[in-house]
Amino acid sequence: MQAMERLQAIVDERSRIMHDMHDGIGAHLISALSLVEHGNAAATEIAAVLRECLDDLRLTIDSLEPTENDLLPVMGNLRYRLDDRLRKQSIDLYWQVREVPGLTCLTPQNVLHILRLL
């Protein structure tokens, strides 16, 4: 019974990951393909859409990291990912860390939602 429950949990998690990839990465790839097929997009425009696709892939992967109900490592990782891009746009990121209570709702799916919103 435990083996079946474990297998079902794995199947459910794979399904969730595929759904997240379809919604995020799939949408970006369709957008990039549309730009290419219509032939009216500059290379920089297509590159921007593909960059967004890669960003979403990274967010999906980051959401799979164990959080141990702690939001701060999730936010720190996002800051690390954004820092260089923001700096290139001359945007200063002010980072003030405060104590955050543990959040039992930090499932991989909820972490991905938080990351996508931010």
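Keep in mind it's a predicted model, so treat the numbers as computed, not measured.

**Q** Run through the overall build of the chain, naming residues and quoting values.
**A** Of regular secondary structure, the chain possesses four helices and zero strands. Counting helices and strands in the order they occur from the N terminus, the chain gives α-α-α-α. Dimensions of the chain, computed from C-alpha atoms along their principal axes, come out at roughly 55 × 40 × 15 Å. Going through the 118 residues of the chain one by one, you find that 22% of them count as buried.

**Q** Lay out helix α2 (residues 43-63) in plain terms, naming residues and giving numbers.
**A** Along its 21 residues, α2 runs 30 Å from first to last C-alpha, staying within 8% of the 30 Å computed at 1.5 Å per residue. What α2 keeps buried is the set I46, V49, C53, D56, L59, T60, D62 and S63. Close packing links the buried residues of α2 with α1 (2-38), α3 (71-88) and α4 (108-117).

**Q** So what about the packing of α1 against α2? Which residues, and what values?
**A** In the contact formed by α1 and α2, the axes pass within 8 Å of each other and the chain directions differ by 175°. By the criterion of interaxial angle, the relationship of α1 to α2 is roughly antiparallel. Along the contact surface, α1 presents R16, D20, M21, G24, I25, H28, L29, S31, A32, L35 and V36, while α2 presents E45, I46, V49, L50, E52, C53, D56, L57, T60 and S63. By residue class, the composition of the contact of α1 with α2 is eleven nonpolar, five polar and five charged.

**Q** Could you give me a rundown of the packing of α1 against α4, with the residues and numbers involved?
**A** Running from amino to carboxyl end, α1 crosses α4 at an angle of 15°, the nearest separation of the two axes being 11 Å. As the angle between them shows, α1 and α4 are arranged roughly parallel. Between α1 and α4 lies a crossing whose hand is right-handed. Listed contacts from α4 to E13, R16, D20 and G24 of α1 are P108, Q109, L112 and R116. Of the residues assigned to the contact of α1 with α4, the class counts are two nonpolar, two polar and four charged.

**Q** Break down the pattern of salt bridges for me, citing the residues and quoting the values.
**A** For the coordinates displayed, the defined rule picks out six salt bridges. We note a salt bridge from K88 to D84, for which the minimum N-O separation is 3.3 Å. On the criterion of helical spacing, the pair formed by K88 and D84 is a turn pair, its members being four residues apart in helix α3. D84 gets classed as partly exposed once you look at its relative accessible area, which sits at 42%.

**Q** Which residues make up a nonpolar patch on the surface, and what values do they have?
**A** A cluster of nonpolar side chains, contributed by L93, W95 and V97, occupies part of the molecular surface with about 250 Å² of accessible area. A relative accessible area of 35% means that L93 is categorised as partly exposed.

**Q** I'd like to hear about the environment of S63, residue by residue, with values.
**A** Structurally, the position occupied by S63 is in helix α2. Judged by its relative accessible area of 1%, S63 is buried. Here the alpha-carbon distance between S63 and V49, two residues 14 residues apart in the chain, equals 21 Å. In this view, S63 contacts R16, P108, V111, L112 and L115; residues no more than four positions away in its chain are not counted. Of note is the side chain of S63, whose polar atom sits 2.7 Å from the backbone oxygen of T60.

Thresholds applied
Residues numbered from 1 in each chain as written. Predicted model: local features only at pLDDT ≥ 70, side-chain atom pairs only at ≥ 80, totals over all residues. Heavy atoms only, no water. Helix = DSSP H or I, 4+ residues; strand = E, 2+ residues; numbered from the N terminus. Buried < 20%, exposed > 50% of the residue type's maximum accessible area, 1.4 Å probe, protein only. Expected span 1.5 Å × (residues − 1). Contact = heavy atoms within 4.5 Å. Axes fitted to C-alpha atoms, helices over the stretch in contact; angles between N-to-C directions. Parallel < 35°, antiparallel > 145°, perpendicular 65-115°, else oblique. Nonpolar A, V, L, I, M, F, W, Y, C, P; charged D, E, K, R; others polar. Left-handed = near helix turned anticlockwise from the far one by under 90°. Salt bridge = Lys/Arg side-chain N within 4 Å of Asp/Glu carboxyl O. Patch = residues over 30% accessible without salt bridge, like charges linked within 9 Å, V, L, I, M, F, W, Y side chains within 5 Å. Areas by Shrake-Rupley, 256 points an atom, 1.4 Å probe, with all protein chains shown as cover. Polar contact = N/O pair within 3.5 Å; in protein donor to acceptor, adjacent residues only side chain to side chain.

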